[in-house]
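Working through the structure, step by step
The primary structure of each chain is shown beneath.
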Amino acid sequence: MKSLKLAHNDGHTDVCYDSSGSFILTCGSDGKVCIWEGKDDTDTSSVNLGDKIFAIAFQGGRFFAATEENTIRIHTFPDGVSDGMVTRFTAPCRHFVVSDDGSMLVAGADDFKIKVISMEENECICLYSEHQAPILSVSIDPTKEFIASSSCDGTVKVWHVIDGTTEKTLNLLSKCSDPGQAKSLCRMCWSTDGEFLLIPVGNEIQVYLNSSWEIVKKLSHPNITDTINVMIMCPDGKHIAVGCSNGDIGIFELQSGKLIDKHSHPKHLPITSLAWNPNSWSELAFCDNVGQLGFLELVMADKKEQAPKVTNGTSIFDDADDDALMTASGHVAPRDDIDKYLEDDDNSIDIGSIKRSLNLDNEDENSVAASRDGDDNKIAPAPVFTLPPDLFKPTPPQPPFQPGSTPEHLSSRFMMWNNVGIIRQYVSEEENSIDIEFHDTTTHHALHIDNKSEYVLADLSTQAVLLASKEEDDTCSKLFCMHFGSWDTHKEWFYTMPMGEEIKAITATDTWVAVATELRNIRIFSIGGLQRQVFSIPGNVVALASHGNQLVVVYHKGMGLPGDQHLGVSVICVHGRSRKMLINGDSLPLSPKSKLSWIGFSEEGSVFYMDVDGVVRMLNRQFAYTWSPVANTKQHVKGKSDHYWLVGVSERLQQIRCVPCKGSRFPATLPRPALAVLPFQLPLCEPESEKSQYEESYQRSYLFAKSLSDYGMDSEDVNKQYRESLIKLFAFAAKASRDFRALEVCDMMEDQSLLHLAATYATRLKRIQLAERVSEIMQRRQEEEEENEDDGDERNIHFSQSLRSKGNTVNSDEENDNVNMTSEYDESTTPDVKRILNGPMLKTHTEKENHKVQEKTTPRYNPFKISRSDSSEKRSIKGTQVFDKIEKVTPKSSGIIAPLPVSIKKSTKKPSSGQAKLSMFNTKTEKLSSKTNEDRAVNAKSQHSNSQETSEGPVFKKKISAFSLWFEEVKPELQEEQPDLSLDDVSQLATERFRNLPKEEREVWVQKAKSSSECGNVKKRKLSENDTDPSQETKAPQHATAKLAKFAKCD
Amino acid sequence: MDPSEVEFLAERELVKVIPNFTHDKIYLISGDVGPFSAGLPLPVPLWLAVNLKQRQKCRFVAPDWMDIDVLKEKKQEEADSRFFTPMPSPHYMEITQLLLQWGTDDIPKADEIRTLVKDIWDLRIAKLRSSIDVFVKSGESHAKLNYLTLMEINTVRLFLTKALNHMHQLKSVTSRDTTNSNSQAF
């Protein structure tokens, strides 16, 4: 016997099985009916009936309970919803039984009366009042002819059902005044054929013959010592279980009259109820009088199969000890289970037990074993009649709904809650009204309208309120628009849909509205009421949403996999100049076995949607128009059945606005729901790790920054955010020595300043290789940028360039590129477009005078251009080439050193090793034409001596740097000093001297240079950092010299 | 201090409101407020909240602690403890009064909340009085009470200081008298 489960409070407890044998119902003095799912269930569901329950029975999917308020109530199973009342007495009913077929219910109460109720007519067909004391128990004969009833007056009366005439009175029991005082509940059983009536008297069972009412047999056993309290017939009709007042449960075999099994209650509490599992005759449930429920596993319950086991343990048949019984019976638990029998007998309204007691057991057995008699009330046999498990059940398609509304069946509901306002509907028998409230009272004042036309769908925009009604029997579906934003006198319009075309979903924007109908049409109206467009969608609509010019339609594409919906989505630009389809009929990705719960646009205009599992996804324009998950509202939910009801999304503030709902999917109208704000959270792996947090922050801010910039909105904060995340990610990776990963991060950086920061950081960490690679990336980027910029700047620099380019040596590569660019350059479009528009046709545009000049200077000199092939060659060359060049160049101190105002932003990245720096520096220099190299070097020097901007001198004409100015001044002196020095050396000396000047003096010269230089339209490439790396200084003089020389040569 | 002065100081506390208009950030001397978006909650100083409410430009959002269960628990805690327990806000009394005065429709179960807060207030004032009594009777020179709010202190401040002053004077007089009597020699 397994441990007893506490089901109810102290007191009489009753137990019964449901028809299938898989549920056990117990009732007790605490007024609850507990439903157990099998004997191993620990987590019961319970139905609270309120008062003490004395008896419980199950029949036909419903259960009956005899309560303290003198009634027998019916409740549905398993919900426990009250289904009516069978009858009532003037005193509590202590015991009742339902016939097997459910047609008859016999109940006996403390007011000495027994009622026979016909379940079909719900009427009492017979009232028996012959007893002179409270009724203890009743029992229906399987043939439904007789009813046996025992009462506190000591008699057992057998009487006819039909007329209530007493057939026989047997004085068997001791008299008492109250069932609570009775020694035994005296639950009687009929044999399944109706032949015998078994009455427990004392500690034996007396078997009476049906017709003569004589005792034919007495079943007893020395082991059963105490008064038998309850008795129940096994569904097989061959065994009977008895429960005693001392906790003994015994099982007798009717034929032989022998005691087959005996168990004892561990605490020897009286058994108050027994129930036999109609499905499995080896299971017996019992209850004691302190509210506990226990189960017995019996050996002999199954007929034939059990027989061998039974014979094995011959001791079972003998008057052996309990232990012997136990061992012999094998899986009988070493506890006294017989009591269970007895309990089951009376208080358990196991159909089996009822049937047994009513002698309908035969039928029960048969029905369990074989097919039912076709009687609806019979218990369905579990194994035989279940549906085949692999029967295909199509997933019901999701019905159409308005996102942002609560279900239609509620009496007070939200018709729409979006970022413009709230529409509520109140439905009752007398009134049907609509309340419209705007978040911003400047849009419109609140409205309250009567809803005579029974509108059920609504949408709200800043210009209009759209309402729609469904189709009734004779009225067509109506569309009604209150265009309060209209400036004329007519503020509303409406349309009636054609018959048979019901409106399923609506949506409204400021300039147009759309309606989806039953016939799979989408009708577009202008906000003023003109019909604009009708088009069809390939499936039943699920939801509509709109914003600006875009309409999103979600419809059923087909039948989904079992449990899944198969939804398609189309995003169409229906208004504005161009009508096009952004997404055409793609499947809408939902979580497995999930449905759509909300779809709409963010305030800025991106499509967002949420499914029933709480995952919010958006249309990711940055990544190939995929639907990316951006948040999971279920993560923020405290309880398991709490949900968030979405009302709006804002990308700029990066928040999802929703209403937390406890225990439901949508909020009630009252109390006024409080809005909560949830942040976005991309579902990256390991969200707690620092790295993932940076990654997530980067991805999210990048996504929204780009999205916002697409809409032309200011996204400074978000920009800053994603850049910060990138830097942090880089730092994290670099610190962890994951240099490759760190480089990948650098690849993701678009901004030169970020790259610069990264390089600096890397050098600080002494990761030389990483720093080098980062600098390579920087340069590569810079080239690309310059090319792009060149495209953009061509025209700008054209004029002055043409002058300069005459005397400039230009690389052949440059020439080609220049030619190309020439063609593009005259286009008055952005560099992007220029690139796109490049082509032979464009060359015809270059018909301006400039062009002539250009043509003259065929290889138009572009100081900013980085010729790729050249640079690639040059890049590979390390420092030595510079020196080669130095030798080649003839020294010349130019009168006018007009350095190109190229800010060597990139070059200010200073790797710690001089070598690296040199290479970088060289590659920089080698990329440019000789002149620009010089200029840059000069610039570098001047920059080096002070802040960055000052190097931006005039582009084309005079590029004066501080050094050059100073050099001019000093040159004569120097030359005097060292007359024998070549100009080269002189300039070298000069540079050294210049460097050795105190900073303030240099500053002075720089200022002079600034003021005297003319600033042209120069792209400023801002240096992000001020570098005073001494290594640069050391290198600079050589470079400077070389550059000066080159410059001189060119000039 | 005047109770109205204490209320003035309390009005600097932040409460959440839901405006029904949209406006950019407002830059005030005491700090920045906003930006306001219609229908979305944001924190503003209490004085501004009351002003907006009076002009029907906003709705109050009850603070987290202004809830029946929370207040019941607090009251229980206060009743059980011998000393003063920390209050949900250093100006709970003033906030409650103002919010419930102007925003009865916005705060759910306003009456019960008012009652509960008043009960807590009464408990604390009673404790304060009894502790003053004990202090005086014991004749100690120092006493320290934690977690008192400004409003509660203000109720006793005037009287207590004056009374203690008087008592001090009386003490010094009597001690002088005794010394005098001692010194007097007849």
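Within each chain, residues carry numbers counting from 1 in the order of the written sequence. Chain letters start at A and ligand numbers start at 1, both assigned in the order the entries are written. With pLDDT at 70 or above as the cut-off, local features in this predicted model cover only qualifying residues; side-chain atom pairs require 80 or more to be listed or tallied, and sums for whole chains, interfaces and linings still use all residues. Note that the side-chain values use all heavy atoms of the structure and ignore hydrogens as well as water.

Observations regarding the overall build of chain A
Helix and strand definitions here come from DSSP, where helices need a minimum of 4 consecutive H or I residues and strands a minimum of 2 consecutive E residues; each element is numbered from the N-terminal end. When you go through chain A residue by residue, the secondary structure sums to 24 helices and 51 strands. Categorising residues by exposure relies on relative accessible area from a 1.4 Å probe, with only protein chains included: less than 20% of the type maximum marks a residue as buried, more than 50% marks it as exposed, and the intermediate range marks it as partly exposed. The buried share among the 1051 residues of chain A stands at 58%. For chain A, contacts bridging at least 24 residues in sequence account for 56% of all contacts bridging at least 6. Computed with the Shrake-Rupley method and a 1.4 Å probe, the accessible areas treat only the protein chains shown as cover for residues. Taken as a whole, chain A presents about 43000 Å² of accessible surface, with 50% of it coming from carbon and sulfur. We call two residues in contact whenever any of their non-hydrogen atoms come within 4.5 Å of each other.

Quick notes on the packing of helix α8 (residues 690–710) of chain A against helix α9 (residues 716–735) of chain A
Residue and element names in this part refer to chain A. Every axis in this analysis is a line fitted to C-alpha atoms, fitted for helices over the stretch in contact. Angles between the N-to-C directions lie between 0 and 180 degrees. In the contact formed by α8 and α9, the axes pass within 8 Å of each other and the chain directions differ by 150°. As far as their axial angle goes, α9 and α8 are roughly antiparallel. Considering the relative orientation of α8 and α9, their crossing is left-handed. Of the residues assigned to the contact of α8 with α9, the class counts are eleven nonpolar, five polar and six charged. Roughly parallel covers angles under 35 degrees, roughly antiparallel covers those over 145, roughly perpendicular covers 65 to 115, and oblique covers all other angles. What makes a crossing left-handed is the near helix being turned counterclockwise from the far one by less than a right angle; a clockwise turn instead makes it right-handed. Gly is put with the polar residues, along with every residue not named as nonpolar or charged; the nonpolar set is Ala, Val, Leu, Ile, Met, Phe, Trp, Tyr, Cys and Pro, and the charged set is Asp, Glu, Lys and Arg.

Brief notes about the confidence of the model for chain B
All names here are of chain B. When the pLDDT values of chain B are averaged, the result is 90; 96% of them are 70 or greater. The predictor reports its confidence for every residue as pLDDT, a score running from 0 up to 100. When mean pLDDT is compared element by element in chain B, helix α2 (residues 46–54) scores highest at 95, while helix α6 (residues 150–183) scores lowest at 86. At the level of chain-chain contacts, confidence expressed as ipTM amounts to 0.78, with global pTM at 0.51.

Focus: the pattern of salt bridges
Residue and element names in this part refer to chain A. Only one rule defines a salt bridge in this text: a Lys or Arg side-chain nitrogen within 4 Å of an Asp or Glu carboxyl oxygen. Within the structure shown, the criterion is met by 28 salt bridges over all chains. Its salt-bridge partner being Asp 248, residue Lys 262 comes within 3.4 Å of it at the nearest N-O pair. With Lys 262 in strand β25 (residues 259–264) and Asp 248 in strand β24 (residues 248–253), this pair connects stretches of sequence that are 14 residues apart. Accessibility expressed as a relative area gives 4% for Asp 248, which makes it buried.

Quick word on helix α10 (residues 739–748) of chain A
Listed as buried for α10 of chain A are Ala 742, Leu 743, Val 745 and Cys 746 of chain A. Around the axis of α10 of chain A, the buried residues are gathered within 155° of arc, so they sit on the same side. Comment: arc refers to directions from the helix axis out to C-beta atoms.

Focus on the packing of aromatic side chains
Aromatic ring pairs are described here by two measures, namely the spacing of the ring centres and the angle between the planes. Residue and element names in this part refer to chain A. Here a pair means two rings of Phe, Tyr or Trp (six-membered ring of Trp) with centres within 6.5 Å. Their orientation is stacked below 30 degrees between planes, edge-to-face above 60, and tilted elsewhere. Scanning all chains against the criterion turns up 21 aromatic pairs over all chains. Their ring planes at 70° and their centres at 5.9 Å tell us that Tyr 694 and Phe 732 sit as a pair that is edge-to-face. Pair noted here: Tyr 694 is in helix α8 and Phe 732 is in helix α9, with a separation of 38 residues, a long-range link. Residue classification places Tyr 694 among the buried residues on the basis of a relative accessible area of 19%. Exposure remark for Phe 732: the relative accessible area of 29% places this residue in the partly exposed category. By definition here, charges over rings are those cases where NZ of Lys or CZ of Arg is within 6 Å of the ring centre and within 35 degrees of the ring normal. Note that Lys 478 overlies the ring of Phe 494, its terminal NZ or CZ placed 4.5 Å from the centroid.

Re the sheet that holds strand β5 (residues 45–48) of chain A
Residue and element names in this part refer to chain A. An order of β2-β3-β4-β5 is seen for the four strands of this open sheet, with the pairing classed as antiparallel. In this open sheet, the two strands that pair with only one neighbour each are β2 (14–17) and β5. Each neighbouring strand pair of the sheet contributes to a mean axis angle of 20°, computed without reference to strand direction. We treat two strands as partners when DSSP finds at least two bridges between them. Sheet analysis places strand β4 (residues 32–36) next to β5, joined by four bridges and oriented antiparallel. Bridge pairing in β5 links Cys 34 to Ser 46.

Some thoughts on the sheet that holds strand β38 (residues 512–517) of chain A
Residues and elements named next belong to chain A. The strand order across the open sheet built from four strands is β37-β38-β39-β40, with neighbouring strands paired in antiparallel fashion. Sheet topology places β37 (503–508) and β40 (531–536) at the edges, where each strand pairs with a single neighbour. If you compare each strand with its neighbour and ignore which way they point, the axes differ by 15° on average. Alignment of β37 against β38, held across five bridges, turns out to be antiparallel. In the sheet register, Ile 506 faces β38, and the bridge partner there is Val 515.

Some words on the pairing of strand β21 (residues 215–220) of chain A
All names here are of chain A. Bridge count between strand β20 (residues 204–209) and β21: five bridges; the pairing is antiparallel. Across the sheet, residue Gln 206 finds its bridge partner in β21, namely Lys 218. The loop that links β20 with its antiparallel partner β21 comprises five residues; one of these, Trp 213, has a positive phi angle of about 60°.

Considering the packing of helix α4 (residues 92–102) of chain B against helix α5 (residues 110–138) of chain B
Residues and elements named next belong to chain B. Running from N to C, α4 and α5 cross one another at 155°; their axes reach a closest spacing of 11 Å. For the element pair α4 / α5, the angle class is roughly antiparallel. Our pair here, α4 against α5, has a crossing hand that is left-handed. Between α4 and α5, the residues in contact are Tyr 92, Met 93, Thr 96 and Leu 100 and Ala 110, Ile 113, Arg 114, Val 117, Ile 120, Trp 121 and Arg 124, respectively. Residues of the contact of α4 with α5, tallied by class, amount to eight nonpolar, one polar and two charged.

As for the environment of Ile 423 of chain A
Residue and element names in this part refer to chain A. Topologically, Ile 423 is positioned in strand β30 (residues 421–427). Its relative accessible area of 0% is what places Ile 423 among the buried residues. The spacing of Ile 423 and Glu 437 is 14 residues in sequence and 6.2 Å in space, taken between C-alpha atoms.

Observations regarding unusual backbone geometry
Residues and elements named next belong to chain A. With an omega dihedral of 0°, the bond running from Leu 670 to Pro 671 counts as a cis peptide bond. Of note in the backbone geometry, Ala 624 takes a positive phi value of approximately 60° without being a glycine. Not every positive phi belongs to a glycine, and Ser 737 is a case in point at roughly 65°. Along the chain, the position of Ser 737 falls in the loop between α9 and α10.

Focus on the environment of Ala 275 of chain A
All names here are of chain A. Within the secondary structure layout, Ala 275 lies in strand β26 (residues 271–276). For Ala 275, a relative accessible area of 0% puts it in the buried group. The spacing of Ala 275 and Met 233 is 42 residues in sequence and 9.0 Å in space, taken between C-alpha atoms.

Details of helix α3 (residues 68–80) of chain B
All names here are of chain B. Helix span, expected: 1.5 Å multiplied by one less than the number of residues in the helix. Along its 13 residues, α3 runs 18 Å from first to last C-alpha, staying within 8% of the 18 Å computed at 1.5 Å per residue. Along α3, the residues classified as buried are Ile 68, Leu 71, Lys 74 and Glu 78. Axial view of α3: buried residues confined to an arc of 130°, hence all on one face. When the buried face of α3 is taken as reference, the exposed residues oriented beyond 90 degrees from it are Asp 69, Glu 73 and Asp 80.

Considerations on a negative patch on the surface
Residues and elements named next belong to chain A. Exposure above 30% relative accessible area and the absence of a salt bridge qualify a residue for a patch, where like charges join within 9 Å and nonpolar side chains (Val, Leu, Ile, Met, Phe, Trp, Tyr) within 5 Å. In this charge count, Lys and Arg are treated as positive and Asp and Glu as negative; neither His nor the chain ends contribute. The atom standing in for a charge is NZ when the residue is Lys, CZ when it is Arg, CG when it is Asp and CD when it is Glu. On the surface, a cluster of negative charge is contributed by Glu 454, Glu 472, Asp 473 and Asp 474. Mapped onto the secondary structure, Glu 472 falls in the loop between β34 (465–469) and β35 (478–482). Classification of Glu 472 by relative accessible area gives partly exposed; the value is 41%.

Here's the deal with the side chain of Asp 564 of chain A
All names here are of chain A. Its location among the elements puts Asp 564 in the loop between β42 (550–558) and β43 (566–573). An unpaired buried charge is present at Asp 564: no salt bridge exists, and Lys 593, the closest side chain of opposite charge, is 4.9 Å distant. One polar contact links the side chain of Asp 564 to the main-chain amide nitrogen of Lys 593, over a distance of 2.5 Å. Once residues lying within four places of it in the same chain are set aside, the contact partners of Asp 564 are Thr 395, Ser 591, Pro 592, Lys 593 and Ser 594. Two N or O atoms form a polar contact when they lie within 3.5 Å of each other; inside protein one atom must be a possible hydrogen donor and the other a possible acceptor, and for residues adjacent in sequence the pair counts only when both atoms belong to side chains.

Some remarks on the environment of Met 778 of chain A
All names here are of chain A. Along the polypeptide, Met 778 turns up in helix α12 (residues 768–806). Look at Met 778 and you get buried, because its relative accessible area is 2%. Spatially, the C-alpha atom of Met 778 lies 7.5 Å from that of His 756, the residues being 22 residues apart in sequence.

Thoughts on the nonpolar core
Residues belong to one nonpolar core when they are buried, are Ala, Val, Leu, Ile, Met, Phe, Trp, Tyr or Cys, and are joined through side-chain atoms within 4.5 Å. The biggest cluster of nonpolar side chains holds 47 residues, and the ones touching the most others in it are Phe 608, Phe 730, Met 749 and Val 774 of chain A. In terms of residues, this core owes the most to one element, α9 of chain A, which gives eight residues. Apart from the residues lying within four places of it in its own chain, the contact partners of Val 774 of chain A are Phe 730, Leu 743, Cys 746, Leu 755, Ala 758 and Ala 759 of chain A. Listed in part, the 35 residues of the second largest apolar core include Phe 60, Leu 71, Met 87 and Val 117 of chain B.

Details of the interface of chain B and chain A
Residue-level contacts link nine residues of chain B with nine residues of chain A. As used here, buried area is the combined drop in accessible area, with a 1.4 Å probe, of two parts when they are placed together. In this assembly, chain B packs against chain A so that about 740 Å² is buried in total across both faces, 54% of it on carbon and sulfur atoms. On the chain B side of the interface with chain A, the three residues burying the most area are Asn 20, Leu 40 and Arg 59 of chain B, jointly 53% of the side's total. Where chain B touches chain A, the interface holds zero salt bridges. At the boundary of chain B and chain A, one finds two residue pairs in polar contact (both at pLDDT 80 or more). By residue class, the composition of the side of chain B that touches chain A is five nonpolar, three polar and one charged.

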